[in-house]
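Observations on chain architecture
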Number of protein chains: 2
Amino acid sequence: MAESESASLLKKSSGDIAYGTSASKLVSATASTFETVDWEFGAERDRLLREALQKSRQMRHRSRSKWRRILSDSLTAGEGWFVFLIVGFFTGLLAGMIQVSREWAFDLKFGYCSEGGFWNSRKECCRISKDEDSCWQWRTWSEFLMGLPGSGKRDRGYGLDYLLYMLWCTVLGTWSAWLVKTFAPFASGSGIPEIKTILGGFVMKGYLGGRVLLIKSVALVLSVASGLSVGLEAAYVHIACCVANVSSRYFSKYATSEVKKRELLSGAAAAGISVAFGAPVGGVLFSLEMLSSYFPPKTIWRSFYCAIVAAITLRGIDPLHSGKLVAFEITYHYAFGWFELPIFVMLGAIGGLLGTLLLKLMVRYAYLRQTTRIARHPLYEAAVVSFLSASATYLSTFLRMDTTDLLAALYSDCKYETNATLCVESDASNIIIFLLACALIKFILTIFGPNTIVPGGHMVPSMAVGACLGRVFGFCLSLVQERVGDVGFFAECAGHDPCITPGVYAIIGSAAMLSAVSRMTVSLVVIIFELTDGIDYIMPTTICILVAKWVSDAFGRDGIYDELIILHDYPYLNNKMEFVFNETAADVMKSRDLCVINATGNTYGSIANLLNTTEFSGYPIVKSMDSMQLIGYISRANLETVLNAKTPDMTDATQCFFTNDRPFPRNAPYLDFNPWLDQSPIQIVETTPLNRVIDAFRALRLRYVLVVRNGALVGITTKRDILRRIHTFRGTHKFASVNVKRS
Amino acid sequence: MAESESASLLKKSSGDIAYGTSASKLVSATASTFETVDWEFGAERDRLLREALQKSRQMRHRSRSKWRRILSDSLTAGEGWFVFLIVGFFTGLLAGMIQVSREWAFDLKFGYCSEGGFWNSRKECCRISKDEDSCWQWRTWSEFLMGLPGSGKRDRGYGLDYLLYMLWCTVLGTWSAWLVKTFAPFASGSGIPEIKTILGGFVMKGYLGGRVLLIKSVALVLSVASGLSVGLEAAYVHIACCVANVSSRYFSKYATSEVKKRELLSGAAAAGISVAFGAPVGGVLFSLEMLSSYFPPKTIWRSFYCAIVAAITLRGIDPLHSGKLVAFEITYHYAFGWFELPIFVMLGAIGGLLGTLLLKLMVRYAYLRQTTRIARHPLYEAAVVSFLSASATYLSTFLRMDTTDLLAALYSDCKYETNATLCVESDASNIIIFLLACALIKFILTIFGPNTIVPGGHMVPSMAVGACLGRVFGFCLSLVQERVGDVGFFAECAGHDPCITPGVYAIIGSAAMLSAVSRMTVSLVVIIFELTDGIDYIMPTTICILVAKWVSDAFGRDGIYDELIILHDYPYLNNKMEFVFNETAADVMKSRDLCVINATGNTYGSIANLLNTTEFSGYPIVKSMDSMQLIGYISRANLETVLNAKTPDMTDATQCFFTNDRPFPRNAPYLDFNPWLDQSPIQIVETTPLNRVIDAFRALRLRYVLVVRNGALVGITTKRDILRRIHTFRGTHKFASVNVKRS
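Residues numbered from 1 in each chain as written. Chains lettered and ligands numbered in written order. Predicted model: local features only at pLDDT ≥ 70, side-chain atom pairs only at ≥ 80, totals over all residues. Heavy atoms only, no water.

Moving on, we come to the overall build of chain A. In terms of helices and strands, chain A carries 31 helices and 11 strands. Taking all 743 residues of chain A together, the buried fraction comes to 64%. Contacts in chain A between residues at least 24 apart in sequence constitute 73% of all its contacts with a sequence separation of at least 6. Carbon together with sulfur atoms contributes 61% to the accessible area of chain A, which is approximately 27,900 Å² in total. (Helix = DSSP H or I, 4+ residues; strand = E, 2+ residues; numbered from the N terminus. Buried < 20%, exposed > 50% of the residue type's maximum accessible area, 1.4 Å probe, protein only. Contact = heavy atoms within 4.5 Å. Areas by Shrake-Rupley, 256 points an atom, 1.4 Å probe, with all protein chains shown as cover.)

Residues and elements named next belong to chain A. Averaged over all residues, the pLDDT of chain A is 78; the fraction at 70 or higher stands at 82%. Counted against residues more than four places away or in other chains, residues 1-42, with its pLDDT under 50, gives 90 contacts. A low-confidence stretch, residues 732-743 stays under pLDDT 50, and its non-local contacts, those more than four residues away or across chains, total 13 contacts. Scoring the predicted complex yields pTM 0.82 and, for the interface, ipTM 0.80. (pLDDT = per-residue confidence, 0-100.)

Once that is clear, we can look at the pairing of strand 11 (residues 712-718) of chain A. Residue and element names in this part refer to chain A. For strand 11, a buried count of seven out of seven residues is recorded, marking the element as mostly surrounded by other parts of the structure. Here six bridges tie strand 10 (residues 704-709) to strand 11, and the two strands are oriented antiparallel to one another. The residue bridging Leu 706 from the neighbouring strand is Ile 716, located in strand 11. Linking strand 10 to strand 11, which pair antiparallel, is a turn of two residues; within it Asn 710 sits at a positive phi near 55 degrees. (Pairing = 2+ DSSP bridges.)

Residue and element names in this part refer to chain A. UniProt feature "transmembrane region" (unreviewed entry): in the numbering of this structure it lies at residues 81-100, 162-180, 220-246, 266-288, 337-359 and 431-448. The span residues 162-180 is 100% helical and 0% strand by assignment, and the distance between its end C-alpha atoms comes to 27 Å. Between the end C-alpha atoms of residues 337-359 there is a gap of 32 Å, over a span that is 83% helix and 0% strand. (UniProt positions renumbered as here; feature names shortened; annotations may be inferred.)

What follows covers the state of the cysteines. Residue and element names in this part refer to chain B. Tallying each qualifying case throughout the model produces zero disulfides over all chains. Counting only cysteine sulfurs, Cys 241 is the nearest neighbor of Cys 306, a cysteine outside any disulfide, at a range of 9.6 Å. The structure places no disulfide on Cys 544, whose sulfur is separated from the nearest cysteine sulfur, that of Cys 468, by 15 Å. (Disulfide = S-S within 2.5 Å.)

Right, let's talk about the relation of the copies chain A and chain B for a bit. In screw terms, the move from chain A to chain B is a rotation of 180 degrees and a rise of 0.1 Å along the axis, fitting with an RMSD of 0.0 Å. A rotation of that kind, with that shift, is consistent with a two-fold axis. Rotation axis and chain A: the residue whose C-alpha lies nearest the axis is A:Gly711, separated from it by 1.8 Å. Of the interface residues in chain A, 98% have counterparts in chain B that sit at the interface too, so the contact is made through matching surfaces. (Least-squares fit on C-alpha atoms with pLDDT ≥ 70 in both.)

Residue and element names in this part refer to chain A. Spatial strand order, 4-7-8: three strands in an open sheet with mixed pairing. At either end of the open sheet lies a strand with only one pairing partner, and these are strand 4 (602-603) and strand 8 (670-672). Summarising the sheet, strand 7 (residues 655-657) and strand 8 pair through three bridges and their orientation is parallel. Among the inter-strand pairings, Gln 655 is bridged to a residue of strand 8, identified as Tyr 670.

Here we take up the packing of helix 8 (residues 158-183) of chain A against helix 10 (residues 210-225) of chain A. All names here are of chain A. The interhelical angle for the contact between helix 8 and helix 10, taken along N-to-C directions, is 165 degrees, at an axis separation of 7 Å. Relative to helix 10, helix 8 is oriented roughly antiparallel. Considering the relative orientation of helix 8 and helix 10, their crossing is left-handed. In contact with Leu 172, Trp 175, Ser 176, Leu 179, Val 180 and Phe 183 of helix 8, helix 10 contributes Arg 211, Ile 215, Val 218, Ala 219, Leu 222, Ser 223 and Ala 225. The residue makeup of the contact of helix 8 with helix 10, split by class, is 10 nonpolar, two polar and one charged. (Axes fitted to C-alpha atoms, helices over the stretch in contact; angles between N-to-C directions. Parallel < 35°, antiparallel > 145°, perpendicular 65-115°, else oblique. Left-handed = near helix turned anticlockwise from the far one by under 90°. Nonpolar A, V, L, I, M, F, W, Y, C, P; charged D, E, K, R; others polar.)

Contact residues are listed per partner, giving 58 residues for chain A and 58 residues for chain B. Taken together, both faces of the contact between chain A and chain B bury some 5,800 Å²; the carbon and sulfur share is 66%. Applying the counting criterion to the chain A and chain B interface returns zero salt bridges. Listed by contribution, the elements that provide at least two residues to the side of chain A that touches chain B are helix 3 (42-61), helix 14 (280-291), helix 15 (297-317), helix 23 (522-532), helix 24 (538-553), strand 9 (683-685) and helix 29 (690-700) of chain A. Per-element accounting of the side of chain A that touches chain B gives the leading share, nine residues, to helix 15 of chain A. A per-class count over the side of chain A that touches chain B returns 31 nonpolar, 13 polar and 14 charged. (Buried area = accessible area lost by both parts, 1.4 Å probe. Salt bridge = Lys/Arg side-chain N within 4 Å of Asp/Glu carboxyl O.)

One can find B:His333 in the loop between helix 15 (297-317) and helix 16 (341-371). For the pair B:His333 and B:Phe89, spaced 244 residues apart in the sequence, the C-alpha separation amounts to 31 Å.

A few words now on the packing of helix 19 (residues 403-411) of chain B against helix 21 (residues 459-484) of chain B. Residues and elements named next belong to chain B. Direction vectors running N to C along helix 19 and helix 21 enclose 25 degrees, while the axes themselves pass 10 Å from each other. Taken together, the axes of helix 19 and helix 21 lie roughly parallel to each other. Crossing of helix 19 over helix 21 shows left-handed handedness. Contacts from Thr 403, Thr 404, Leu 406, Leu 407, Ala 409, Leu 410 and Tyr 411 in helix 19 reach Val 460, Pro 461, Met 463, Ala 464, Ala 467, Cys 468 and Arg 471 in helix 21. Each residue belonging to the contact of helix 19 with helix 21 can be placed in one class, and the counts come to 11 nonpolar, two polar and one charged.

Moving on: the packing of aromatic side chains. Residue and element names in this part refer to chain A. One pass over the full model with this rule turns up 45 aromatic pairs over all chains. For the pair Tyr 112 and Phe 144, a centre-to-centre distance of 5.4 Å together with 85 degrees between the ring planes defines the contact as edge-to-face. Taken together, the residues span a long stretch of sequence, with Tyr 112 in strand 1 (residues 111-113) and Phe 144 in helix 7 (residues 141-145) at a distance of 32 residues. Here Tyr 112 falls in the buried class, since its relative accessible area comes to 15%. The exposure class of Phe 144 is partly exposed, given its relative accessible area of 40%. Three or more aromatic residues joined by ring pairs form one cluster here, namely Phe 106, Phe 110, Tyr 162, Tyr 165 and Tyr 394. If you follow Arg 302 out to its NZ or CZ, it ends over the ring of Trp 81, 4.9 Å from the centre. (Phe/Tyr/Trp six-rings, centres within 6.5 Å; stacked < 30°, edge-to-face > 60°. Lys NZ or Arg CZ within 6 Å of the ring centre and 35° of its normal.)

Glancing now at the side chain of A:Ser552. Residue and element names in this part refer to chain A. Its place among the elements puts Ser 552 in helix 24. Take Ser 552: its relative accessible area is 0%, and that puts it in the buried class. Among the polar contacts listed, one links the side chain of Ser 552 to the backbone oxygen of Ala 548, at a separation of 2.8 Å. Leaving out residues up to four positions away in the same chain, Ser 552 has contacts with Gly 352, Thr 356, Ala 516 and Arg 519. (Polar contact = N/O pair within 3.5 Å; in protein donor to acceptor, adjacent residues only side chain to side chain.)

What follows concerns the domain arrangement of chain A. In terms of domains, chain A is made up of domain 1 (338-568) and domain 2 (585-742). Placing a centre on the C-alpha atoms of domain 1 of chain A and another on those of domain 2 of chain A gives a separation of 50 Å. (Domains from an automatic or database assignment.)

With 347 residues, the main nonpolar core has A:Phe277, A:Phe286 and B:Phe277 as its most contacted residues. Not counting the four nearest positions on each side in its chain, B:Phe277 is found in contact with B:Glu233, B:Val326, B:Phe328, B:Met459, B:Val460, B:Met463, B:Ile527 and B:Leu531. Residues B:Val693, B:Ala696, B:Leu700 and B:Leu702 belong to the second largest nonpolar core, which totals 40 residues. (Core = buried A, V, L, I, M, F, W, Y, C linked by side-chain atoms within 4.5 Å.)

Our focus in this paragraph is the pairing of strand 5 (residues 618-622) of chain B. Residue and element names in this part refer to chain B. With five of five residues buried, strand 5 lies mostly within the body of the structure. Burial along strand 5 is two-sided: the residues Gly 618, Pro 620 and Val 622 and Tyr 619 and Ile 621 are all buried. In terms of strand pairing, strand 3 (residues 597-598) meets strand 5 through two bridges, oriented parallel. Looking at strand 5, one finds that Asn 598 is bridged to Val 622. When strand 5 meets strand 6 (residues 630-635), the two strands line up antiparallel, connected through five bridges. If you follow Gly 618 over to strand 6, its bridge partner there is Ser 635.

For the rest of this paragraph, the subject is the environment of B:Ile631. Position of B:Ile631 among the secondary structure elements: in strand 6. Remark: the alpha-carbon pair of B:Ile631 and B:Ala653, spanning 22 residues in sequence, is separated by 23 Å.

This part takes up the sheet that holds strand 11 of chain A. All names here are of chain A. The strand order across the open sheet formed by three strands is 9-10-11, and the pairing between neighbours is mixed. Looking along the sheet, the strands with just one partner apiece sit at the ends: strand 9 and strand 11. Within this sheet the neighbouring strands show an average axis-to-axis angle of 35 degrees, counted without direction.

Turning our attention to the pattern of salt bridges. Where side chains of opposite charge bring their charged atoms close, a pairing between them can arise. The final tally for this structure, using the stated rule, is 15 salt bridges over all chains. Residue B:Lys196 is joined to B:Asp562 by a salt bridge in which the shortest nitrogen-to-oxygen separation is 2.9 Å. With B:Lys196 in helix 9 (residues 192-199) and B:Asp562 in helix 25 (residues 560-568), this residue pair connects regions lying 366 residues apart in the sequence. Across the pair, exposure class does not vary: B:Lys196 and B:Asp562 are buried alike. Here the residues in one salt-bridge network are A:Arg519, A:Lys549 and A:Asp553, joined through shared partners.

Now the structure itself:
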């Protein structure tokens, strides 16, 4: 089983990049080949390839108009900066469009704009009459059905509206799931585990294609509008990466090099988080900390540039009509007291515990649905989950809100904000019970929401849970302080009014929760820093995330993305893990049934037969089967390229050569594989400790190494072999339960 | 010449770490060995070593008191976090102490505090009488000499004060240089190029020792107080790294592992920048972007934690008595107009050009002083430069200020700040001329100041030059706008008063200048972001730095740190560089006079003789000289360790064994080198393209690779060989002039 699994994976990862249309056959074939080789070492070939491409473009230019030539030449010059600009711009543009559509689709559940165009959201529609309550332009569905004019009251026909709301939610959620299932299954979920894998050096054909981009954008609007407990934010990363991949097709430097493309993807991911949270620096750090295995300093700067461009574009669109990039940006300032530090620590610990619980439950449900029939009926699942979400959330105005608006309400300050529902102290016990109920309902919904097939992540939903809890904490503390006065523990409060801001606890609680679920650290601190526009919060946030991460790490070091990578069995070599293996390369290598090509004596027929009967993505070339002396390595795709170049005068008996010494007259037809050979594949001796091998796989982002003994090939070790060994290790040592479930 | 240079370097880098006192001889010997091997691959051995150390510590524990055992055990548990805490805390503490002493020493040039203790700075001294002008407690030196009481007037005896000022400056500057020259030559300069090299995998014995820490701290205070155009800020990085290195001696995990120690150093560097600019996130990004070749995600978080701890500690000390961490933090907010963008671009271009000029002049002078006799008389140099600085700067209150205070003045806002000397519009032409003169004088002084032997960097001085220019820009623009009114180009100004804030231009100008000199990018944006406490400035700063970097990159891609690394010939493999070599590993390897050890037939005498007659840091072991079949690699230090373990019954003829097959009776005395062998050194085939080899050196941070042909050793390639090849490439292709100067 092990062998076949490895072979199928190798096959899966071979020759599969979506390509631009104009690239010549040769270029597309070689490029798709090189990526199946490890990508650090593909850089060498990319350079040569680029030269060839440039030459071929110059040829084509002669037949083009002068104007196009000048444009093309100037594009090549600043190509790198230009493509990052394009990606940033379109990411910002798309994010703005998604925001606007989402708002409209979200409000459509309640009613429509009867005056000024049905395409307006409630907020837009009500802009004319400043007072929200007397917004007669907005007509609820019950009013529409009963033939009444718009009244501005939201809950006139409560029962009917409830029913219609549930119907709308279910329809929107199911529609979103249907779109994904029918047109682009890759559009489901947040996409972050997959992008992490892709950035780690794997290729998923079509995962970042135009179709996914389109479907994900539309379905994301629907899924978020449906009131499912999913967030837009993480999905922006996938959308931005799709933009980057599609854009890269038009720029030869990026189209032909998988390494360069990954630099662009890192930048796009930064842009995605930048528009999601209005945090360009946070985006870069997210890309760096959570996603990328390969991040040269040059890319940091370009990513930042890309993220800034995206943020500026979104600011230009101003989808929220408030000058803010995200609804839950806050502007009030706050100086914490030292006496609050133990509370922050406690909040961090509780957030860490609950976050870990949420994470474990999410993962457990994910395994459950994969192993039961739920996964086979994703539309029913989406329908049921959105129906249940709708039933649970309609009961409260706060839960009915979009999650980002809920966060904004929870983050708000009692002193300056008008929205004071959460601040009335006479109503204290009700508020506390309400917030706890909110937290519980959101918690439960977040276990299921992001696990359905619809697009969307868990970031903002889990932040909302934490924010509810944090707000309860802060609210209780402020009540106690009011009761007790500025003495003892609260002595520092003297002269500060209000002394305790519940909104700050909400911010910190949400950071703790998100940190425990995703294991984000610095990037999260910086995102909060940028969201709150000030360094006042940096210390509380850091302390809280520190504690939350310590607590959650006690239950396992993997965040949701790593867990999903394990669940889906993606070939990702986690570089956070430290293993102590006592084995050597010889213990994990594949030596039995090692499929090698003898350098001499091959014919067209024998090579074609080899390709048909085996499934490996590449073959070592040896001098002779006896000596097993290694000459090089050739990938399956390269073999196919040469075989396809067969001319009519060749037969099955046409000789094939892998070395340069061809002892025959030059006029006989022959196939020359020599230029397609990797003549210096990475070799290790069989006594190399496994830990070193893993380090080399990580550092050089290898796909395989050849194992030699005294210069003779004795085996091959693929990334897959390494991953399998690590999984076994985890299974027997720490993650026994997970492993049992997965086998 | 090439061979001997390589050999001397190899020798230089062998066996030289400053060690803690308690480590056993075995541990210290092996650890110092492992670091001369490449450090990524040292990780494997570190793990084994750690186990051994733990065991030996358990042994020692038995003889210790229970209390010490408990303490030690709990320390081991959270050792990592604790040591980062320690480093952060002491960095903050030292920074605070340096700030306070510097202020006192700086004011000492003008006079002393006659009431309340001479150890008070002028500001402290004058605190009693709120008004600075009537601060009679402060007595100038001329008043002291003439027997007059303190008057609070600064310039009473102008001529005498001028003379005394020049005297003080020269004394302080020369004293600082004398301290450095006599006690710790490593304390000179900013230390950033060296730390970059150390983090890249090189070891400089004593560079981060306690003596350097002490001398650098004291001499830094003196050099900054002397009015030399040097900044504290970059030197904090070196000081923090010394703290980290000294602290690491008390923690076995860090004392025994060079890899772990480098993680700690990365964190310390972040803490250094954090206290220098009050920018913890900026510090982490600086460490990541400018310094570290190895930065696992775990280290990012710990570095951030370290930086935060340092910032909190410094805030607790509050050396400026203003709640600010640095003098030039600003608090006003500002919304830029779109019409200002072209101005920012222009400012970026000019800053980039001037920064490049400054960089080139600094580097040229650095070469000049190395090749002439200036470098041999650093005390005279320091005396002359500080004398000339003093003469030039006394003429203006602004130049006489500390550079950080100058920056604060230039960054200040005309509307809110009291210091309005730079804002009076009736005096416009004088202000412009004055600012330009300031910029020119600072520019010239900054060429020489950081090149002297005294500690201190070029960061804040070059920022000051840029700030002067930026302020001129902003000031002129605001004058034009006042004259023209809110029409045309300035239409956006309508309703904004003041529309143009010269302080903002000063900030942006300084960012452009610093970016051109050091080639910082994201880290600089974030530092400015944290200095200005708001995202208002993020877009102007980004645009300006973008342009400045583009402009300066046109004149060469190396910043001051890279240039100094080249100047000092440190073995640092710049990973920003992209080369296209057409050679293979065979072309750069050392094959002639290859010094190998035959696995059999060695005696104590022969090995000792080998060590005495050659200077290599390690030796490949081959099965036989005929087959050259590789068995392993042993470092010089490991050979020495085994030789030193010689027992009295051994003679020069005692046999040495490198393999496990020992065909003789076990009771004869023999030396067993087998456990000390690296049995799987990195091997490459000789046809490997050089580009790949360089990639491998970078990614795995190798020190050497063995080159094989058909399993037989044919050569060895060291980092030095690679560096020499790169230098040649640069010399012949781009940097011909530099190369000529250096040869």
